[in-house]
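Spelled out, the chains give:
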Amino acid sequence: MVLRKNLSVEKGQQVLFDDIRYFFYITNDRTSSPAAIVEGANGRCNQENLNEQLKNGVQAMRMPTDTLVSNWAYMVMASLAWTFKAWFALLLRQDRRWSAKYQSEKQAVLKMEFKTFRNAIIALPCQIIKTGRKIVYRLLSWNRWLVVLLRGLEMLRYPLRC
């Protein structure tokens, strides 16, 4: 299947030139419509964004040392940080009263860049108070992702079901 896109390159309101691009989709699926094939291929293209985040967001490819073992450990730690973000997003429930809102928040966390996730959910200023028999975590700031964090922490109270 071939998709032809006619793109106009503009500067201000003046059209500079037309750019025609061709996209080729090779498949053995003869039952799906062309629109479904293009949509499925574009959905898989998000994998390129994931690779870009591992390279630049988590900086898994920036090696701090010159030994192979140290670099391997650094890459594993960076990959675990990225996996934690995905695990946290998949942990969020969406089957309650506000399921549409919860579903959109879950998708937003899944697609969130790692730097944004770190700043919004991980790097929250918190005061830790040890009292008689319990530890109190007092959050010292608020952002719009705090509600999502608390909903995720609520899920950790219960045993995980696979």
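Only a predicted model underlies this, so the values are computations on that prediction, with no experimental measurement involved.

About the cut-offs
- By convention here, each chain's residues receive numbers from 1 onward along its written sequence.
- Local features in this predicted model are restricted to residues whose pLDDT is 70 or higher, and side-chain atom pairs enter the listing and the counts only when it is 80 or higher, whereas totals over whole chains, interfaces and linings include all residues.
- Values reported for side chains reflect all heavy atoms of the structure, with hydrogen atoms and water molecules removed beforehand.
- Whether two aromatic rings pair depends on their centres lying within 6.5 Å, for rings of Phe, Tyr and Trp, where Trp uses its six-membered ring; planes under 30 degrees apart make the pair stacked, over 60 edge-to-face, and the rest tilted.
- Comment: elements are numbered from the N terminus, with helices defined as DSSP H or I runs of at least four residues and strands as E runs of at least two.
- When a residue's accessible area, from a 1.4 Å probe over protein chains only, is under 20% of the maximum for its type it is buried; when over 50% it is exposed; and in between it is partly exposed.
- In this analysis, two residues are considered to be in contact whenever any of their non-hydrogen atoms come within 4.5 Å of each other.
- Whenever two N or O atoms come within 3.5 Å, that pair is a polar contact, provided that in protein one can donate a hydrogen and the other can accept it, and provided that, for residues adjacent in sequence, both atoms are side-chain atoms.
- By the convention used here, strands pair only if DSSP detects at least 2 bridges between them.
- Grid points spaced at 1 Å and placed over the protein atoms alone form the basis of the search, with a cavity being a set where a 1.4 Å probe fits but cannot get out and a pocket an open set showing protein on both sides within 12 Å along at least five of seven lines. Lining residues have an atom within 4 Å of a point.
- Grid points are joined across faces, edges and corners, and a volume is the space filled by probe spheres set on the points.
- We call Asp, Glu, Lys and Arg charged. Ala, Val, Leu, Ile, Met, Phe, Trp, Tyr, Cys and Pro are nonpolar, and the rest, Gly among them, are polar.

Chemist: Teacher, can you tell me more about the packing of aromatic side chains here?
Modeler: Remark: the centre distance and the inter-plane angle together describe each pair of aromatic rings, the angle taken between the planes. This model, assessed by the stated rule, comprises 5 aromatic pairs. Centroid distance Phe84 to Trp87: 5.8 Å. Interplanar angle 35°. Geometry classified as tilted. Here the residue Phe84 and the residue Trp87 both occupy positions in helix 3 (residues 68–91), the gap between them amounting to 3 residues, near one helical turn. Look at Phe84 and you get partly exposed, because its relative accessible area is 36%. Under the relative-accessibility criterion, Trp87 is labelled partly exposed at 36%. Aromatic pair Phe88 and Phe117: ring centres 6.1 Å apart, planes at 55°, arrangement tilted.

Chemist: So what exactly am I meant to see when it comes to the environment of Ser141 here?
Modeler: Relative to the helices and strands, Ser141 is located in the loop between strand 4 (135–139) and helix 6 (146–155). Owing to a relative accessible area of 32%, Ser141 belongs among the partly exposed residues under this scheme. Each C-alpha atom of the pair Ser141 and Pro125 lies 6.5 Å from the other, and the pair is 16 residues apart in sequence. The contact partners of Ser141, leaving out residues within four places of it in the chain, are Leu124, Pro125 and Leu146.

Chemist: Looking at this model, I keep getting lost on the side chain of Asn143. Mind explaining?
Modeler: Relative to the helices and strands, Asn143 is located in the loop between strand 4 and helix 6. Taking the relative accessible area as the measure of exposure, Asn143 reaches 19% and is therefore buried. At 3.0 Å, the side chain of Asn143 and the backbone oxygen of Ala120 are in polar contact. For Asn143, the side chain forms a polar contact with the main-chain nitrogen of Leu146, separated by 3.0 Å.

Chemist: Could you clarify how one ought to interpret the pairing of strand 1 (residues 2–11) in this entry?
Modeler: For a regular strand, the rule is simple: side chains alternate between the two faces of the sheet. Bridging between strand 1 and strand 2 (residues 14–24) involves 10 bridges; their strand directions are antiparallel. Residue pairing across strands places Asn6 opposite Ile20, the latter belonging to strand 2. Here strand 1 folds back onto strand 2 in antiparallel fashion, the turn holding 2 residues, of which Gly12 has a positive phi close to 70°.

Chemist: I would appreciate a short explanation of the layout of surface pockets in the present structure.
Modeler: Gaps left between atoms are located by rolling a probe of water-molecule size over the structure's atoms. Size it by volume and the largest pocket reaches roughly 290 Å³. Elements represented by at least two residues in the lining of the largest pocket include exactly helix 3, helix 5 (114–122), strand 4 and helix 6. When its residues are assigned to classes, the lining of the largest pocket shows 14 nonpolar, 1 polar and no charged.

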